[in-house]
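Chain residues, written in single-letter form:
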Amino acid sequence: MNKTIINRDLYLNQIEKFINTDLVKVITWQRRCGKSCILLQIIDILKGKYNITNQDIIYVNMEDIRRRDIDSYEKLHDTVKNYKHILIDEIQDIPEREKAIRSLHAQWWYDIYITWSNSNLLSSEISTFLWWRYVSFKIYPLNYQEFLKFHWLKKWKDSFEKFIKYWWLPYLKNLPLDDNMIFTYLNDIVDAILLRDVISRNNIRNTDFYKNLIVYLAKETWNLFSTKNISDYLKSQNINIATNTVIEYLNASKAACFLNSVSRFDLKWKKIFEILHKYYFTDIWIKNALLWWYSKINISWILENVVYNDLISKWWEIYVWELWNKEVDFVCKKGEKMMYLQVSYLLESETTKQREFSPLLEVNNSRKKYVITMDENASWFIDGVERINIIDFLMKVE
């Protein structure tokens, strides 16, 4: 079966701005998000739009067994040095790879692209060894608009339900939407991320506790998470583990790119409080795999995670905000733009409506304010706050 590759213009349009610059283009984020396909699409752009020939392009896939001879930075350098446009997939598998990249960059005329599977390696090595010489691009799983494009679906309730059930990994385009096949594939990825990218790489010995911790976070999506929460949780489980160890586990999970934290933001004083966070999963399937039974009766946290992921894929900065003991789910900034969001499943009662609208009604400015729900025909306003269906919101926001 031939793989189908569909352009992800959301990222390609950004990367293309840096073609033929001497900045190293670093493409990173979670497993199976389509980083390799992005490289292949860049090659298509080089050939089709810039008329670059094969003689000037080299693509090195370090997961290809035929490339196992490249086991040092010297061999990497010698392999690619005669090509102007250099694309290296999974470069983290090459020892001291940064030396080869720095040497090539020093000769300024190379156009270099690399993929890197672990953001912790990116922050601790690439930023150190390349410093100002690189620009990075995080490739997220598909957002809803991309999901429709990949699966030839139209905006509708049915397609949205498929979206939150099967979720976002681009490779699913090559599989029939059969539960057994897809769930087997996705569960294997979850195991690889948790067992290899986190537990093995970080030498986590108490694996049972680590998995329980991730399940706890999955259940607590809508809650601010603090060191006190951690302490209380440990006590409730009769577990004697230092809070600092838990923090290390959380940082390792974030480094593997499947867990993201959102800080609390004080708009008045422009301060970010690092003590309190909300945690969201890069791919909901990890959450579903951990507690699918729970998600069916707690769909609100899925919707909140959906909105979060859609916004970060479009380069919004996201914070949470407590305003006079009322929490605003998301404060979103993008350049000069700002908006405030509440996310809820359905506004079935006056009590629910009051709970969701009241924090936004306290925000005294002219910025966009939305209450996002699954209610159909939901678009109406209360004092400048718009209630909007989640599908319409995902299609609207840029």
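Here, every reference points to the structure presented above.
Novice: What am I meant to see in the overall build of the protein here?
Specialist: Summing up its helical and strand segments, the protein has 15 helices and 13 strands in all. Within the protein, the fraction of its 398 residues that count as buried is 52%. Partitioning the intrachain contacts of the protein with sequence separation of at least 6 by distance along the chain shows that 64% fall at a separation of at least 24.

Novice: In this structure, what is going on with helix H8 (residues 179-200)? I would like to understand it.
Specialist: The first and last C-alpha atoms of H8 sit 29 Å apart over 22 residues, in line with the 32 Å expected at 1.5 Å per residue. For H8, the full list of buried residues reads Ile182, Tyr185, Leu186, Ile189, Val190, Ile193, Leu194, Asp197, Val198 and Ile199.

Novice: Explain the packing of helix H3 (residues 73-80) against helix H4 (residues 97-106) here, please?
Specialist: Each packed pair of helices is defined by two parameters, the angle between the axes and the distance between the axes. Their axes nearest at 7 Å, the elements H3 and H4 cross at an angle of 35°. Crossing geometry of H3 relative to H4 is assigned as right-handed. Residues Tyr73, Leu76, His77 and Val80 of H3 touch H4, and the partners they reach there are Arg97, Lys99, Ala100, Ser103 and Leu104. When grouped by side-chain class, the residues that make up the contact of H3 with H4 number five nonpolar, two polar and two charged.

Novice: How do you make sense of the nonpolar core when you look at a structure like this?
Specialist: Nonpolar side chains in soluble globular proteins tend to end up buried together. Within the largest apolar cluster, 56 residues are counted, with the highest numbers of intra-cluster contacts made by Ile42, Phe160, Leu311, Leu341, Ile390 and Phe393. At eight residues, helix H13 (residues 299-313) tops the list of elements feeding residues into this core. Look past the residues within four positions of Leu341 in its chain and what remains in contact with it is Val307, Leu311, Val328, Asp329, Phe330, Cys332, Leu360, Tyr370, Ile372 and Phe393. Leu194, Phe209, Ile214 and Phe258 belong to the second-largest nonpolar core, a separate cluster that totals 36 residues.

Novice: Would you take a moment to explain the side chain of Ser313 for this structure?
Specialist: Here Ser313 shows up in helix H13. With a relative accessible area of 1%, Ser313 lands in the buried category. In this structure the side chain of Ser313 is engaged in a polar contact, spanning 3.1 Å, whose partner is the side chain of Asn143. A polar contact of 2.7 Å, which involves the side chain of Ser313, links it to the backbone oxygen of Asp310.

Rules of the game
Residues numbered from 1 in each chain as written. Predicted model: local features only at pLDDT ≥ 70, side-chain atom pairs only at ≥ 80, totals over all residues. Heavy atoms only, no water. Helix = DSSP H or I, 4+ residues; strand = E, 2+ residues; numbered from the N terminus. Buried < 20%, exposed > 50% of the residue type's maximum accessible area, 1.4 Å probe, protein only. Contact = heavy atoms within 4.5 Å. Expected span 1.5 Å × (residues − 1). Axes fitted to C-alpha atoms, helices over the stretch in contact; angles between N-to-C directions. Left-handed = near helix turned anticlockwise from the far one by under 90°. Nonpolar A, V, L, I, M, F, W, Y, C, P; charged D, E, K, R; others polar. Core = buried A, V, L, I, M, F, W, Y, C linked by side-chain atoms within 4.5 Å. Polar contact = N/O pair within 3.5 Å; in protein donor to acceptor, adjacent residues only side chain to side chain.

Function cannot be inferred from these measures alone, as they are strictly geometric.
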